[in-house]
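What follows is the residue order along each chain.
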Amino acid sequence: MIEAIVDPTNILTVLVAIACFATIVTLAAPMMKGDRLDTRLRAVASRRDELRRRSRAQLNAARAQGGSSLRHSDSGLVKNFVDRMNLKKLLEDPLVVDKLAQAGYRGPRPVTVFYFFRFLTPFLFAALTAIYLYGINGFGWPAMTKLSACVGAFVAGYYGPNIYISNKSTKRLESIMLAFPDALDLLLICVESGMSIEAAVQRVSAEIGSRSIELAEELSLLTAELSYLPERRMAYEGLAKRVNHNGVKGVMTAMIQAEKYGTPLGQALRIMAKENRDMRLATAEKKASALPAKLTVPMVLFFLPVLFVVILGPAIIKVQDINKKPASNSSSQAPK
C-alpha cells in the first residue's frame, strides 16, 4: 500500500483528478451560488454597529481609567508568536497594510496572520519536500538535485502568501472596475435629484450589489467613513487607497475638489463616468488583441494533433490495408 501511495504515477493521477474536480466546481459555481448581496450588506451593517458599540465601550473604559485611547488591539496565539519572534521587524513590509486592504482584509489581525504564514510556509514547504524526497521517494536524483528542490520549495513558500494576496487583489479590482462606471451613473442621478452625497453613496451601494458585491461593500464602508471621520477628504482618500486604481483615484480627487472649492459635483461625475467607461472599453480591447497570442500554445498542443489524427488517420489506415492485401493474396495462391 505504501508503494501505491508513493508511486509517482498514482500521485500524478490524483493531482489530475483534483484539477478536473476543481475545474468542474469553478464552472458550476456561478450557477449554484445564491444571492450573497444581502448577506454582505448585513455583515457591513453589523460590523458598523459592532464598531460603534466597541468604540463607546472603549471610550467609557478609557474615561474611567483617565485615558482616551480607542486603538484596537489584536490578541491570540498567533499574535503572541509574531510578537515573540519579532516578525514585523524581521519580515518588515511597509506596504503590507495597503496590500491586505486592497485584497479585502482590513484590521490588525490580517496583518498578524500574514506575517505568521509568511514565516511558516517556507519551512513547511521545505520540510514536506525533504520528507518526500529523502524518506519516501527520491526518484533516483543526486543529492544536489534534492537539495535544490528543497531550496526551491523554501523560496516558493516565502513568496506564496504574497502571490495569494496579489491574486486576491487583482480579482477584487476586476470586479470593482467592471461595475464602477455604472455606479458613477447611478451616483450622478442621485446627486442631480437632490440627495446628499452620503445618502447617494448609500443608495448606490444597495443598488450596485447585483453587479459587484465588492464595490457595494466598499461604498458601504465609504458611507460609514463619511459619517464618522472628521473630514470627508479622509474618507475619499481611504477608498482610493483601498481600490488603488487610477480611475477611482481620479473620481475621488474630483469629489475632494468639488467639496473644497464648491464646484458642481454632477458635471465632474458625468465626465468621470465617461472616462471610466472608455477606460473599461480600452481594457477589453487590450485583452481581445492579446487573445491570438495566448491561443497559440493551446492550439499547438491540443488542436493541431487532433486535426492531424483526423486528417491523416484514414489515409494511414488505407495504406496499411493496401500493404496487407498482396501478402494475403500471395499466400492464398501458393501451391498446395
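Residues numbered from 1 in each chain as written. Predicted model: local features only at pLDDT ≥ 70, side-chain atom pairs only at ≥ 80, totals over all residues. Heavy atoms only, no water.

Engineer: Is there a simple way to think about the overall build of the protein chain in this case?
Structural biologist: Counting secondary structure elements, the protein chain contains 13 helices and 0 strands. Secondary structure elements of the protein chain, listed N to C terminal, follow the sequence α-α-α-α-α-α-α-α-α-α-α-α-α. Residue burial in the protein chain is summarised as follows: out of 336 residues, 29% are buried. Contacts in the protein chain between residues far apart in sequence, at least 24 positions, make up 63% of those at least 6 positions apart. Just so you have it, the protein chain exposes about 22600 Å², and 65% of that area is on carbon and sulfur atoms. (Helix = DSSP H or I, 4+ residues; strand = E, 2+ residues; numbered from the N terminus. Buried < 20%, exposed > 50% of the residue type's maximum accessible area, 1.4 Å probe, protein only. Contact = heavy atoms within 4.5 Å. Areas by Shrake-Rupley, 256 points an atom, 1.4 Å probe, with all protein chains shown as cover.)

Engineer: Whenever I open this one, helix α10 (residues 213-228) confuses me. Can you help?
Structural biologist: The α-helix winds at 3.6 residues per turn, so residues separated by three or four positions along the chain end up facing the same way. The first and last C-alpha atoms of α10 sit 23 Å apart over 16 residues, in line with the 22 Å expected at 1.5 Å per residue. Burial within α10 is extensive, with 13 of its 16 residues counted as buried. (Expected span 1.5 Å × (residues − 1).)

Engineer: Looking at this model, I keep getting lost on helix α7 (residues 108-136). Mind explaining?
Structural biologist: Under the 1.5 Å per step criterion, the end-to-end length of α7 is 41 Å for 29 residues, consistent within 8% with the ideal 42 Å. Residues of α7 that are buried include every one of V111, T112, F114, Y115, F116, R118, F119, T121, P122, A126, Y132 and L133, and no others.

Engineer: Is there a simple way to think about empty space enclosed by the protein in this case?
Structural biologist: Applying the stated criterion across every chain yields a total of 3 cavities of 30 Å³ or more. What lines the largest cavity is simply F180, A183, L184, L187, V201, V204, L219, L222, L239, V251, M252 and M255. For the lining of the largest cavity, the secondary structure elements donating two or more residues are α8 (143-192), α9 (197-207), α10 and α12 (246-261). The greatest single-element share of the lining of the largest cavity, amounting to 4 residues, is contributed by α8. Looking at the lining of the largest cavity residue by residue, the class counts come to 12 nonpolar, no polar and no charged. One number sums up the size of the second largest cavity: a volume of about 40 Å³. Elements represented by at least two residues in the lining of the second largest cavity include exactly α8 and α11 (232-243). The leading source of residues in the lining of the second largest cavity is α8, at 4 residues. (1 Å grid on protein atoms, 1.4 Å probe; cavity = no way out; pocket = protein on both sides within 12 Å on 5 of 7 lines; lining within 4 Å. Points joined across faces, edges and corners; volume = space filled by probe spheres on them. Nonpolar A, V, L, I, M, F, W, Y, C, P; charged D, E, K, R; others polar.)

Engineer: I tried to follow the packing of α8 against α10 on my own but got confused; where do I start?
Structural biologist: Helix packing geometry: the angle between the two helix axes and the distance between the axes. At their nearest, the axes of α8 and α10 sit 7 Å apart, and the two run at 70° to each other. As judged from the angle between their axes, α8 and α10 are roughly perpendicular. Packed against α8, whose contacting residues are R172, S175, I176, A179, F180 and A183, the element α10 presents E214, L215, E217 and E218 at the interface. Per-class residue counts for the contact of α8 with α10 are 5 nonpolar, 1 polar and 4 charged. (Axes fitted to C-alpha atoms, helices over the stretch in contact; angles between N-to-C directions. Parallel < 35°, antiparallel > 145°, perpendicular 65-115°, else oblique.)

Engineer: Mind showing me how you'd approach the confidence of the model for the protein chain here?
Structural biologist: Predicted coordinates in regions of low pLDDT should not be interpreted in detail. On average, residues of the protein chain carry a pLDDT of 80, and 81% of them reach 70 or more. Averaged pLDDT values over the elements of the protein chain bottom out at 59 in helix α3 (residues 37-65) and peak at 90 in α8. (pLDDT = per-residue confidence, 0-100.)

Engineer: What's the story with the nonpolar core in this structure? I'm lost.
Structural biologist: In a soluble, globular protein the nonpolar side chains are often hidden away together inside. Within the largest apolar cluster, 35 residues are counted, with the highest numbers of intra-cluster contacts made by L187, I208, L215, L222, Y236, V251 and M252. Broken down by secondary-structure element, the contributors of at least two residues to this core are α8, α9, α10, α11, α12 and α13 (265-332). When near neighbours in sequence (up to four residues on either side) are disregarded, L187 contacts I197, A200, V201, V204, M255 and L269. One finds L87, V111, F114 and F116 within the second-largest nonpolar core, a separate group that totals 12 residues. (Core = buried A, V, L, I, M, F, W, Y, C linked by side-chain atoms within 4.5 Å.)

Engineer: Looking at this structure, I do not really get unusual backbone geometry. What am I missing?
Structural biologist: In most cases, non-glycine residues show a negative phi, while peptide bonds are predominantly trans. The backbone phi angle of N244 is positive, close to 60°, even though this residue is not glycine. The topology assignment puts N244 in the loop between α11 and α12.

Engineer: I keep staring at the environment of I131 and nothing clicks. Help me out?
Structural biologist: Along the chain, I131 turns up in helix α7. Between the C-alpha atom of I131 and that of C150, which follows or precedes it by 19 residues, the distance is 9.7 Å.

Engineer: I tried to follow the pattern of salt bridges on my own but got confused; where do I start?
Structural biologist: Pairing between side chains becomes possible if they bear opposite charge and their charged atoms approach one another. Applying the stated rule across the entire model yields 17 salt bridges. D185 is the partner of R277 in a salt bridge, and the nearest nitrogen-oxygen pair spans 2.1 Å. In this pair, R277 sits in helix α13 while D185 sits in helix α8, placing the two residues 92 residues apart along the sequence. Taken together, the shared-partner salt bridges in this structure form one network comprising R106, R172, E217, E218, E225 and R242. (Salt bridge = Lys/Arg side-chain N within 4 Å of Asp/Glu carboxyl O.)

Engineer: Looking at this structure, I do not really get the environment of I256. What am I missing?
Structural biologist: Secondary-structure assignment places I256 in helix α12. Measuring from C-alpha to C-alpha, the distance between I256 and Y236 comes to 7.2 Å, with 20 residues separating the pair along the chain.

Engineer: What exactly am I supposed to notice about the packing of α10 against α11 here?
Structural biologist: Relative to each other, α10 and α11 sit at 155°, their axes nearing to 9 Å. It follows from the interaxial angle that α10 and α11 lie roughly antiparallel. As α10 packs across α11, the resulting crossing turns out to be right-handed. Contacts between α10 and α11 pair E218, L221, L222, E225 and L226 from the former with R232, A235, Y236, L239 and R242 from the latter. A class-by-class count of the residues in the contact of α10 with α11 yields 6 nonpolar, no polar and 4 charged. (Left-handed = near helix turned anticlockwise from the far one by under 90°.)

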